[in-house]
Amino acid sequence: MANKIVVDPVTRIEGHLKVEVTVENGVAFDARCIGTMFRGLEQIVLGKDPRDVPYVTERVCGVCAGVHGWASCLAIEEAHGATVPEMGRVLRNLMMGAMWLHDHVLHFYHLAALDYIDPTAVLNYQGSVSELVAVKDKIKALADAGDLYPVLPSYKPDDFCVKDPELVTELVYHYLRALEIQAKGRKASAIFAGKQPHHSSMVVGGVTCYPTLGQVQQFIRIINEVIDFVRNVYIPDALLLATGPLLPLEKASVGATAGHYLSYGGYPLDGSGTNYLFPSGVIFDNDFDHIQPFNPAEIREQVDFSWYKNEPRPGHPSERETVVDLDKKEGYSFVKAPRYQGKPMEVGPLARVLIMKNETFMRLMREYNIKRPGVVMRHAARAVDALAMAAAVTKWANELTQLIGETGVYGSAGNALIHDTDHWEPPFEGAGAGLNEAPRGALGHWIRISGKKVKQYQMVVPTTWNASPQDKQGQRGPIEEALIGAPVPDLDNPLNIVRIIRSFDPCLACAIHIIHPKGKKFVPLYPVF
Amino acid sequence: MKDRDSIMETGLLKMELKGIPRRTFIKYCAATAVALGLDYYFGGLFAEAATTALNKKPVIWIQGQGCTGCSCSLLSSLNPGPGEVLLDLVSMRFNSTVMNAAGHLSIKALEDTVKEGGYLLVVEGSIPTRDPRYCVVEGLPFDEIVLKASKNADAVIAAGSCAAYGGIPRAGFTGAKGVSEIVSGKPVVNIPGCPLKPDWLAGTLLYYLSFNELPPLDSDNRPLAYFGSHFVHDTCPRASYFERGQFLEDWNNPATVDWCLLKMGCKGPVTYADCNRIWWNDGVSTCIRAGSPCAGCTQPQFYKDLAPLYVSPLPPGREDEAMPVAQRARGIHAGSVALGAGIAAAPFVINKVADLLKKKKEGVSHDGE
């Protein structure tokens, strides 16, 4: 018998998401993800001074905070003809690199980990490690006071959940430590960024923060604490879970997509415009040995199942005008369906580490004979992704120290450039694309300037790729595809459904649709990011 | 006094039994009292009030047209740490970013708390009024949720500029409004900012827990201690450069790196906030320290009526005006002037800048083209 289950809201993600899954014989066979909020940020920037746009679009999302501002800067810099100077590039990498580490730690421990453990197992901890005893005492005190919010209530733990008291207590201890660590990631970033979330010092053409050596030292001290946690706690936790208690979940291919992966590439290693920490590339059909080159011109948006007016053929985001079609019968989502060479692509850490052929990760895949990576490998990939960033951040911090040494320190007659002031004024006409990697995946902003004002603005965000609806060929979006086949033995506790969704780290404020709640006719009016 | 001490001692003991570390807590209470402009003696009062309560105050945190940035900002707090805020300071019954539960379980936690009453409601994100369809959360239009959840709340906290005044969404077409335009008959405190600074929220919470009422508010319903008593400009580390008429015009020039940011579009002279007194992210920096002009994010006029953000409010050719104005302004505090919806009691020099901004808005003065 087919049953429809609805999870509304899906918590521990960014934004508002409702998911409907049809289950037959304990297995999901149809799925729809529905986001429910929009603000119209894209319209807000129309007619504005282009230099305001990074500030406004950065506020698309307070979790990914920063990367939108960066992508926006990249697009506008192309339109202005601006070139970010060397020190500006390094500073951007450092600010956003620290945020990257913050983001992945936050996602693993605070947004995802609770799906894989039974937190009440802490109460049965019998060991004598003082930190863990303290965790047990704390949880016990809260439990005795009948106030374990927000840790409880929770779905009933299933067979895949880790219930071993020793392991769970350690993970809860790490959860609490990670709360501090993610805050410290933001703190490190804020040294150059002004504040976090929503930095203020990245502007069109570069950055505004002229660093001092003292600040660099302060940054290194704080970020080292975060990096230490990533190396010695996060990585072991993620890999231990992936290859130990959660291996059966991975072996069951829970959460695997069709196997098409895309990375735009991000974090420039020099000024050449071709050398990136995360290379761009494309993988089709889980063929990990053949990485295809990425060509931005091959991106097309389809709207066959989205509430937009059909266009004669799929178009490139930079040239599309979005026209809403409220009465479109076959529409079920406000997210458009971006496709690359006609395929739905998964973006994010898994795509990135596969495309960069990360050695640690590829060995993991080989040793455990993983052919179609799913939920668990997505978490492992995110950890490995953080590790790659941790190494790079250390390198950039040294690079910055060296640059300051070569060009003179703050206050002296140094000649370090952090901003392209010659191209600060908006051009009369211009266009640009900002393609970048956000922690959640490939992120693109496109701008057209006319009369020194914003004439057109478009964003295709990672969650648009991952949470896209079906296309004309009947291909589902990656999250929908991943949900198909998920075991849902208990309709009241659809743990695998939320596990799969959260493994993509979706950001719904970025990618938006609208719903038709019962009893009220709700019609979509405008597209929004 | 002895009584008070012994009550507090019992309270702290109780807290420790509940797993709350007493030393951190007392330290934090004292710091917050001072930040709120109170004698540090009140720190003890704060601790006492929070500790003698049998149960932690329930909090419902709902999100509308927002970006989760304010939730994240609270999680970026390091003093108190995010763990203390989440587990020790309050009983977080509903916050979709951190709560374990999802779907019907999470909704039940929300409904049970509303039924129980006696909670604080925190709203993050604006409320669309042009059409409820712009924000549907958990099956209901967001304005209905706000009204429903505020019904049994002791007080409502509008967290961040979107919830306080509409923020950036107000510049759009959804008719985005702040909480106080929707909710009536309940005390509402605005803690604006894009995002809010975690100290502002934690301090307001502690004050409420201690005195069972909201702290003194300014005319825009912001806690006076953090907002109403000083402009960003008043405590600006670059203020002396303003007075000398030295303005940063090129971010690359190390010789001018500390100079006034007015010509880069700084809204510090018309913005109330303590950012320059108490920096962000555990005190490492703030926008102006990082060389970027204040965007006025704590003002009701933000963002729509403060745009463009990076353009000098001083008309070209008359840029020297600011210098004599600044010199005359020393020691002079006069009258008030309105920028948009109204900023009260501004020193003379600020009036001048506000005036220029206002004229610019009306298109009277130069617009750059």
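Look up a bit, the structure's there.
Residues numbered from 1 in each chain as written. Chains lettered and ligands numbered in written order. Predicted model: local features only at pLDDT ≥ 70, side-chain atom pairs only at ≥ 80, totals over all residues.

### Describing the overall build of chain A
- Secondary structure summary: chain A contains 14 helices and 14 strands in total.
- Across the 529 residues that make up chain A, the buried fraction comes to 61%.
- Across chain A, every contact between residues at least 6 apart in sequence was considered, and the portion connecting residues at least 24 apart equals 74%. (Helix = DSSP H or I, 4+ residues; strand = E, 2+ residues; numbered from the N terminus. Buried ≥ 20, exposed ≤ 12 C-beta atoms within 10 Å, placed from the backbone. Contact = placed C-beta atoms within 7 Å.)

### A look at the interface of chain B and chain A
- Listed per partner, the contact involves 76 residues of chain B and 84 residues of chain A.
- Of all the elements in the fold, those that place two or more residues in the side of chain B that touches chain A are α4 (69-75), α5 (82-89), β2 (90-95), α6 (103-116) and β5 (136-137) of chain B.
- Top element by residues in the side of chain B that touches chain A is α4 of chain B. It accounts for five residues.
- Tallied by class, the residues present in the side of chain B that touches chain A amount to 40 nonpolar, 26 polar and 10 charged. (Nonpolar A, V, L, I, M, F, W, Y, C, P; charged D, E, K, R; others polar.)

### What to know about the pairing of strand β1 (residues 57-63) of chain B
Residue and element names in this part refer to chain B.
- Taking burial as the measure, the seven residues of β1 include six buried ones, the bulk of the element.
- In this sheet, β2 lies alongside β1 in parallel orientation, the contact comprising five bridges. Of the residues in β2, the one forming a bridge with I60 is F94.
- The sheet contact formed by β1 and strand β3 (residues 119-124) spans five bridges and is parallel. The partner of Q63 across the bridge, within β3, is E124. (Pairing = 2+ DSSP bridges.)

### Focus on the sheet that holds strand β13 (residues 441-450) of chain A
Residues and elements named next belong to chain A.
- Taken together, three strands build an open sheet; the order of strands is β12-β13-β14 and the sheet is antiparallel. Since the sheet does not close on itself, it has two edges, and those belong to β12 (429-438) and β14 (453-460), each with one partner. Averaged over neighbouring strand pairs, the angle between their axes works out to 15° when direction is ignored.
- As defined by bridge partners, β13 adjoins β14 across seven bridges and the pair is classed as antiparallel. Pairing of W446 across the sheet is with Q458, part of β14.
- Contacts from helix α3 (residues 67-80) reach β12 and β13, with the element oriented near 150° to β12. (Axes fitted to C-alpha atoms, helices over the stretch in contact; angles between N-to-C directions.)

### Some remarks on the sheet that holds β3 of chain B
Residue and element names in this part refer to chain B.
- Strand order in the open sheet made by the five strands is β2-β1-β3-β7-β9, with parallel pairing throughout. Two strands bound the open sheet, and with one partner strand each, they are β2 and β9 (188-191). When the angles between neighbouring strand axes are averaged without regard to direction, this sheet yields 25°.

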